[in-house]
Amino acid sequence: YWEFELAREKKLDAAKATVVTVLKDKTVVESEIAEADLPDAATMASFDTLETDLTMNCENHRDGDCGAWDYISDLRLCEDALDGGAPKCDLEIARWITSYWREGRWVTDVSGMLAFLQTGGKKKLRWYASKQWDPRPANYVVSLSLRLSNTGKGMRPVSAKKLWDGGALNSTYATNHPPVTVDIPAGTKKAELFALITGHGSDTGQCAEFCNHTHHFTLNGGAKRSQTFPMAQSIDGCRRRVNEGVVPNQHGTWYFGRGG
């Protein structure tokens, strides 16, 4: 893991990125809404890469003050409510899973989300960490920034369409995800399908994220593409990915492989 951190630091230091701070050493109780001041639209059009840089520290840097369980944390783009009420934060920009009683830092490429931020300017964002099952409070000291850069890809995301929300992995799963028609803008060089999938909600054997579940996608009746999770059946699937940034030496069953 130290080797991973060193390589990451060298990469971040060498990158010519525009860094937009969202949160800095902010003690957060479950969620926090903050404003990010992005460059203007013309400058945003020069970027082909977007990364989130998230650090979740424990209060007083004590492991026991962090959350004890693996929960969803996410970052969402918000819109002000027309009636002056609480902002609507429906669009997920990035997603993480909290560690077991450990601090962590994750730099994640979410370039596909540039399509939703291309107008630039001030954007309201909500960072969230699920309320822990453990009855004790588990606040996090959070630092979060957006890293914008041009890495010479020769193209950038200009539009995106939400296809489906999630749902339990049961007998109605397929019918809850019917075919969707998408109009591809003229001049498009590339189209990509992004899917965030976990095994939670399975009603077959109750093995949840420890099942190898398979998902099938087709485009215009063409070849079927599949996404599988064989690492879910590995007793040390996550431990083996420490060199990819999995926080080592967590408590609990962190070392088991997961189905997404």
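Here, the structure is the one placed above.
A brief look at the structure comes next. These numbers were taken from a predicted model, which means no experiment stands behind them. (Residues numbered from 1 in each chain as written. Predicted model: local features only at pLDDT ≥ 70, side-chain atom pairs only at ≥ 80, totals over all residues. Heavy atoms only, no water.)

Okay, empty space enclosed by the protein next. The tally for this structure, following the rule as stated, stands at one cavity of 30 Å³ or more. Computed from the structure, the largest cavity encloses a volume of approximately 30 Å³. Lining the largest cavity are Met44, Phe47, Leu114, Gln118, Arg156 and Pro157. Of the residues contributing to the lining of the largest cavity, the split by class is four nonpolar, one polar and one charged. (1 Å grid on protein atoms, 1.4 Å probe; cavity = no way out; pocket = protein on both sides within 12 Å on 5 of 7 lines; lining within 4 Å. Points joined across faces, edges and corners; volume = space filled by probe spheres on them. Nonpolar A, V, L, I, M, F, W, Y, C, P; charged D, E, K, R; others polar.)

Next up on the list: the sheet that holds strand 5 (residues 88-97). The strands making up a sheet are joined through hydrogen bonds of the backbone, oriented either antiparallel or parallel. Spatial ordering of the open sheet is given by 2-7-4-5, a layout of four strands whose pairing is antiparallel. The sheet terminates laterally at strand 2 (31-40) and strand 5, the two strands that pair on one side only. With direction set aside, neighbouring strand axes in the sheet form an average angle of 30 degrees. In terms of strand pairing, strand 2 meets strand 7 (residues 120-129) through nine bridges, oriented antiparallel. Among the inter-strand pairings, Ser31 is bridged to a residue of strand 7, identified as Tyr128. (Pairing = 2+ DSSP bridges. Helix = DSSP H or I, 4+ residues; strand = E, 2+ residues; numbered from the N terminus. Axes fitted to C-alpha atoms, helices over the stretch in contact; angles between N-to-C directions.)

One pass over the full model with this rule turns up two disulfides. Here Cys58 connects covalently by a disulfide to Cys66, the sulfurs 2.0 Å from one another. What sets the handedness of the Cys58 and Cys66 disulfide is the S-S torsion sign, and at about -105 degrees it is left-handed. By the burial criterion, Cys58 is buried, and Cys66 matches it. In this model Cys78 forms its disulfide with Cys89; the gap between the sulfur atoms is 2.1 Å. (Disulfide = S-S within 2.5 Å. Buried < 20%, exposed > 50% of the residue type's maximum accessible area, 1.4 Å probe, protein only.)

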